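Residue strings, one per chain:
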Amino acid sequence: MTVIRKVLAAVFAGLALTLLSAAPAAARADKLKLTVAGDGAQGVTIQASYTDGRRLDRVVRLVLTATGPDGQKVGPVQLEPQPEGQGFYSSGPVLTTGTWKVTVNSPAPLTAKASATVQARAAQSPPAPKPVAVNEPADGGSGAGAGWWPFAAAGLVLVAAAMGVAMLFGRRRGTSAD
């Protein structure tokens, strides 16, 4: 009977250790770290990861609210994951120009909350390209391909002259050998 008790005690001890070691891992996986920042224009970007540094391996629901200049409010806005990276979320242009206090929440089962102050700016567009004149070459010369014609003409003249000289000397040798 003592052998059966020892086996049962070992089984229960192993089961208890397994459950206790899995509990901290499950608790650790239930928390997110959210990093909130402006996107350089009128939107917000959020990077979500687990608190232990692991990359987020599933889609979570993130909700953005913001309070701006003069008490303006935006939200709640549900954020969708973006293709730029795993755990990357973006709001798109939802803010107007000014300083905003942004809060992002993630409800259960992966709970998290993060806040940041974001400076929203008007979207910048690239400068318009300078117009290029079609008739005037950019390098100030007579055109991009105009430089090879004189060399080609000179080469043809030299080849023709060489052939003429060879023919002339070839005939004289043939007539003087007779």
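Each value, and the rule that gives it
- Residues numbered from 1 in each chain as written.
- Predicted model: local features only at pLDDT ≥ 70, side-chain atom pairs only at ≥ 80, totals over all residues.
- Heavy atoms only, no water.
- Helix = DSSP H or I, 4+ residues; strand = E, 2+ residues; numbered from the N terminus.
- Buried < 20%, exposed > 50% of the residue type's maximum accessible area, 1.4 Å probe, protein only.
- Pairing = 2+ DSSP bridges.
- pLDDT = per-residue confidence, 0-100.
- Contact = heavy atoms within 4.5 Å.

Participant: Explanation requested: unusual backbone geometry in the structure shown.
Facilitator: With the exception of glycine, the majority of residues adopt a negative phi angle, and the majority of peptide bonds are in the trans configuration. In this structure, aspartate 70 takes a positive phi of about 60 degrees despite not being glycine. Mapped onto the secondary structure, aspartate 70 falls in the loop between β3 (62-67) and β4 (73-81).

Participant: Explanation requested: the environment of threonine 65 in the structure shown.
Facilitator: Looking at the secondary structure, you find threonine 65 in strand β3. We classify threonine 65 as partly exposed; its relative accessible area is 31%. Separated by 40 residues in the primary sequence, threonine 65 and asparagine 105 place their C-alpha atoms 8.5 Å from one another.

Participant: Is there a simple way to think about the pairing of strand β2 (residues 44-50) in this case?
Facilitator: For a regular strand, side-chain orientation follows a simple rule: the groups alternate between the two sheet faces. In terms of burial, β2 is largely enclosed, as 6 of its 7 residues are buried. As paired strands, strand β1 (residues 32-38) and β2 are joined by 7 bridges and run antiparallel to one another. Across the sheet, residue leucine 32 finds its bridge partner in β2, namely tyrosine 50. Between β1 and β2, which follow one another and run antiparallel, lie 5 residues, and glycine 40 among them has a positive phi close to 90 degrees. Relative to strand β5 (residues 88-90), β2 is paired through 3 bridges, and the arrangement is antiparallel. Bridge pairing in β5 links isoleucine 46 to tyrosine 89.

Participant: Just to check I follow, could you spell out the confidence of the model for the protein chain for this structure?
Facilitator: Detailed reading of the predicted coordinates is not advisable wherever pLDDT falls low. On average, residues of the protein chain score 77 in pLDDT, and 73% of them are at 70 or above. pLDDT under 50 marks residues 22-28. Its contacts with residues more than four places away, or in other chains, come to 2 contacts.

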